[in-house]
Amino acid sequence: MKTESASESSVQKIDESLDALLDKARHSQPPLSEQLSSLVAAFIPSHPPALHTKAYLVLSTFCQNARSSTSGGSQQVEAGTESLARIFQPLIASHLSESGDSDIIAGVSFLYALFQVDGQSASYIFQYDGFVDLLSTLIVSPSPPLSLAVARLFAQASGHRPCRMAIPTEAVTWLRNQSHQTGDRALRTAAILAQIKLSRGATSDSSSLVETGLPGNIERQDEEFSAQLTEIIAGGADTPSFVNDAVEGLTYLSVTPPIKQLLADTTVLRTLFTLVPKRAKSGGLHDRTTILYGVLAITANLCAYKPRLSQEERQMNKLHKLAQGAKQSNSKGDEELSHPFDADIHVQARCRVAIDSGIVDVLNVATGTESAASRNLVGRIYLSLVEDKGNRGRVLQGGGAKNLSRIIKAYPSSSPDPIPSDALVPIQALAKLAITSSPIQVFGPNEGNMMDAVRPFSQLILHPSASTLQQFEAMMALTNLASYSPICASKVASFPNLLNRVELLVLDDHTLVRRASCELICNLIAGSDDVFARYGGKEACGQSGTSKVQLLVAMSDVEDLPTRVAASGALAMLTSAPSACRAIFELQKERHRAFSVIGRLIDPSDESEATLVKGDPGLVHRGVVCFRNILHAEKSLSRKELIEEVERAALPRVFSKLLNGDLGSYDTAILQSAAEVAKMLADWSSTHAGT
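The model shown is predicted, which means the values in this text are computed figures rather than measured ones.

Draft legend 1. Region of the structure containing the overall build of the protein chain. In terms of regular secondary structure, the protein chain is built from 42 helices and zero strands. Out of the 691 residues in the protein chain, the part that is buried amounts to 49%. Only carbon and sulfur atoms are counted for the fraction: they give 51% of the accessible area of the protein chain, which is about 32100 Å².

Draft legend 2. Quick peek at the pattern of salt bridges. Counted under the stated rule, the structure contains 23 salt bridges. For the salt bridge of Asp603 with Lys657, the shortest nitrogen-to-oxygen distance reads 2.6 Å. Of the two residues, Asp603 is situated in the loop between helix H38 (594-602) and helix H39 (617-632) and Lys657 in helix H41 (residues 651-659); the sequence distance between them amounts to 54 residues. Side by side, Asp603 and Lys657 carry an identical accessibility label, which is buried.

Draft legend 3. Representation of the nonpolar core. Grouped together as the largest cluster of nonpolar side chains are 151 residues, with contacts concentrated most on Leu272, Ile359, Phe457 and Phe595. A total of nine residues in this core trace back to one element, the largest contributor, which is helix H18 (residues 289-303). Contacts of Phe457, omitting those with residues within four sequence positions, involve Ile427, Leu430, Ala431, Ala434, Phe443, Ala474, Ala477, Leu478 and Leu481. Formed by 63 residues, the second largest nonpolar core is a distinct cluster that contains Ala55, Tyr112, Cys163 and Leu193.

Draft legend 4. Region of the structure containing the packing of helix H16 (residues 266-273) against helix H22 (residues 344-357). In contact at an axis separation of 9 Å, H16 and H22 are set at 50° when each is read in the N-to-C sense. In terms of their interaxial angle, H16 and H22 are classed as oblique. Note that H16 runs across H22; the crossing there is right-handed. Between H16 and H22, the residues in contact are Thr266, Leu269, Arg270 and Phe273 and Val353, Ala354, Asp356 and Ser357, respectively. Among the residues making up the contact of H16 with H22, the classes are represented as four nonpolar, two polar and two charged.

Draft legend 5. Just the packing of aromatic side chains, in detail. In this structure the tally under the stated criterion is ten aromatic pairs. For the ring pair Phe62 and Phe88, a centre distance of 5.6 Å and an interplane angle of 55° mean the geometry is tilted. Of this pair, Phe62 sits in helix H3 (residues 49-68) while Phe88 is found in helix H4 (residues 76-96), placing the two residues 26 residues apart along the sequence. Just as Phe62 is buried, Phe88 falls in that class too. Plain terms: the ring middles of Phe595 and Phe627 are 5.6 Å apart, the flat faces sit at 80° to each other, and that makes the pair edge-to-face. In this pair, Phe595 sits in helix H38 while Phe627 sits in helix H39, placing the two residues 32 residues apart along the sequence. Each member of the pair Phe595 and Phe627 is classed as buried. Residue placement shows Lys548 over the ring face of Tyr535; its charged tip is 5.7 Å from the ring centre.

Draft legend 6. Just the packing of helix H26 (residues 400-410) against helix H27 (residues 424-436), in detail. Running from N to C, H26 and H27 point in directions that differ by 150°, and their axes come no closer than 9 Å. In this view, H26 runs roughly antiparallel relative to H27, as classed from their interaxial angle. Handedness of the H26/H27 crossing: left-handed. From H26, Gly400, Ala401, Leu404, Ser405, Ile407 and Ile408 reach across to H27, where they touch Pro426, Ile427, Ala429, Leu430 and Leu433. A class-by-class count of the residues in the contact of H26 with H27 yields nine nonpolar, two polar and no charged.

Draft legend 7. Spatial organisation of the side chain of Ser158. Take Ser158: it is sitting in the loop between helix H8 (144-157) and helix H9 (161-166). With relative accessibility at 0%, the residue Ser158 sits in the buried group. Not counting residues up to four positions away in its chain, the partners in contact with Ser158 are Arg164, Ile167, Ala194, Lys197 and Leu198.

Draft legend 8. Layout of the environment of Leu520. Counting through the fold element by element, Leu520 comes out in helix H33 (residues 511-527). The class for Leu520 is buried, based on a relative accessible area of 1%. For the pair formed by Leu520 and Ala482, sequence separation is 38 residues and the distance between their alpha carbons is 7.7 Å.

Draft legend 9. Helix H13 (residues 218-235), seen in detail. Here H13 is 18 residues long and its end C-alpha atoms lie 26 Å apart, about the 26 Å a rise of 1.5 Å per residue gives. Every buried residue of H13 is listed here: Ile218, Gln221, Asp222, Phe225, Ser226, Gln228, Leu229, Thr230, Ile232 and Ile233.

Draft legend 10. Structural context of the confidence of the model for the protein chain. Residues at a pLDDT of 70 or more form 85% of the protein chain, whose mean pLDDT is 86. Element-level mean pLDDT values for the protein chain span from 40 in helix H12 (residues 209-212) up to 97 in H27. Scored below 50 in pLDDT, residues 1-6 makes zero contacts in the model with residues more than four places away or belonging to other chains. Confidence over residues 326-337 falls short of pLDDT 50; this stretch has eleven contacts with residues more than four positions distant or in other chains.

Draft legend 11. Region of interest: the environment of Glu559. Mapped onto the elements of the fold, Glu559 is located in the loop between helix H35 (542-555) and helix H36 (561-574). Linking Glu559 and Thr511, residues 48 residues apart in sequence, is a C-alpha distance of 9.5 Å.

Draft legend 12. Spatial organisation of the side chain of Glu503. Along the polypeptide, Glu503 turns up in helix H32 (residues 498-505). Taking relative accessible area as the criterion, Glu503 reaches 12% and is therefore assigned buried. Those residues in contact with Glu503 that lie beyond four places of it in its chain are Ile521, Arg534, Tyr535 and Lys548.

Draft legend 13. Representation of the state of the cysteines within the structure. Tallied over the full model, the rule gives zero disulfides. Note on Cys522: no disulfide assigned, nearest cysteine sulfur contributed by Cys518 at a separation of 8.9 Å. Under the relative-accessibility criterion, Cys522 is labelled buried at 12%.

Parameters and conventions
Residues numbered from 1 in each chain as written. Predicted model: local features only at pLDDT ≥ 70, side-chain atom pairs only at ≥ 80, totals over all residues. Heavy atoms only, no water. Helix = DSSP H or I, 4+ residues; strand = E, 2+ residues; numbered from the N terminus. Buried < 20%, exposed > 50% of the residue type's maximum accessible area, 1.4 Å probe, protein only. Areas by Shrake-Rupley, 256 points an atom, 1.4 Å probe, with all protein chains shown as cover. Salt bridge = Lys/Arg side-chain N within 4 Å of Asp/Glu carboxyl O. Core = buried A, V, L, I, M, F, W, Y, C linked by side-chain atoms within 4.5 Å. Contact = heavy atoms within 4.5 Å. Axes fitted to C-alpha atoms, helices over the stretch in contact; angles between N-to-C directions. Parallel < 35°, antiparallel > 145°, perpendicular 65-115°, else oblique. Left-handed = near helix turned anticlockwise from the far one by under 90°. Nonpolar A, V, L, I, M, F, W, Y, C, P; charged D, E, K, R; others polar. Phe/Tyr/Trp six-rings, centres within 6.5 Å; stacked < 30°, edge-to-face > 60°. Lys NZ or Arg CZ within 6 Å of the ring centre and 35° of its normal. Expected span 1.5 Å × (residues − 1). pLDDT = per-residue confidence, 0-100. Disulfide = S-S within 2.5 Å.

The following block contains the structure:
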């Protein structure tokens, strides 16, 4: 009882010192030596987690203030690093020079924490003359807690290149030996993590594996480490202290394609996913934020598709490889990029395994985390999962659209600044869901949710960093929203600068982008009075409306059928307004092409060839409606000029072929409208001939 009471008293004193140190740090006052000593002691592993949390907060605040107080232009970072090292190095060294294990553990644990808070100053201290030698003397300690603290410090230092180069061979040998012992799982896990980081670092540093003392067969070693870590996790899911290290190790390993395949196992993933609490509001989530991030990172690696590069990006990569020479093209990095396990078919399979193993439940929990980094990973995972259309239904059923909307709203979205680039990923994932499902299935019956989605989709189209694919998918999503109701269409149409960008994308080199922009404009013309007027449906539109009608006429004559259907559908709707009919007629008189383009919607046959080509029913219907509307608007047009242009475009022959069945058989509604047009043309021609 006396020991427990003394321990509680010690923790209380440290806690009070941390409060005082935090207050001094916030007021830029110099700390007392005993307060700094309490900060070092606060990271002893046996202390309560709440004390560790406060100690990390105090250490972070102290380091930030120390760096902000230094000045020196481009050398400010280096000056801040040296300043922190001068403060902490003597404290750490004095603890390591003590004879008692508790003091040594305090010094080692503090440096471990400093690596997490301010890696530059921790690396600086780690490289001090004689420091690593002093640390290496501790590996012979019979104390398991001290051995664990040293192994974890080596693991943390191995993530920094200058520190990796300072770790001696005997320390690497000790870590390898500890990774094979089975008596202490926590020590074994820390040793494995350190070796993984050393191995990864040696590869990225292009340094010799022999120099680091690591075995040459990296792939086989990775497979052994992966099996060991998954076994450790399965046997210690209720012990986060070393499961953290195991998950971090798997995170590093999961970037390699062979390990992705090994981890893409239902049993393995279910074991991983059980580490995450079932509910976001559970008290256990706060204690396992690091584990949650690791689980998300592993899943993101397993489910990641190779980047979809544009033709220009592929060409730039080729030029870059040529500039780097043959050595670069033979590097491991390029081999991994072309690894067969990174092919889409394998990624799709891994995504399905992740869904079957319960990743959707994990994402539901992770969406509510306060960590921006974790939310970014959630967006990446969702984007990978919904890449396969077959997964989208299950993602929707699991609340994927709602979660993505929450993540998107968490990003700052103040005009006129664009949204952060990280937000593009969850927006694209939500757009994919909105493309293949009805707005009600994605956003529910509440029209307000649909209206809220207009902003992120529009921002994705307008964002300077958005890829062509992202713009295409955002336009497709907005097309579906605009078709739901006039209110949604008006919301889309009124978003600042959106319509101007969409009209530019009509002229894009990519066929699918042109198609999507035309389809969006068509739906906006149908649902928004303002867009209808903008495209010539209003008397006061003037030259601007005529130019937009001209664009639709041109897009009605492209090779891509869906683009022609959308553009000609817009024309068919616009010609219900006499002003649009006059705009088309003026274009016809000026260039003598508009009527011919609309006529080819009905009869696509080439006059130079004897064979007849059957037209698309949708295009035929649109062409007939356009001419019927134009002829009905003849009171506002010059009949004489209209007849001349009709004959110039050979429209009587086109309608004769249609009604005679030479162009195929069509619905009664199309033929009735065509007969009406043909009768009007015949009556006009006879009247004109009589005069």
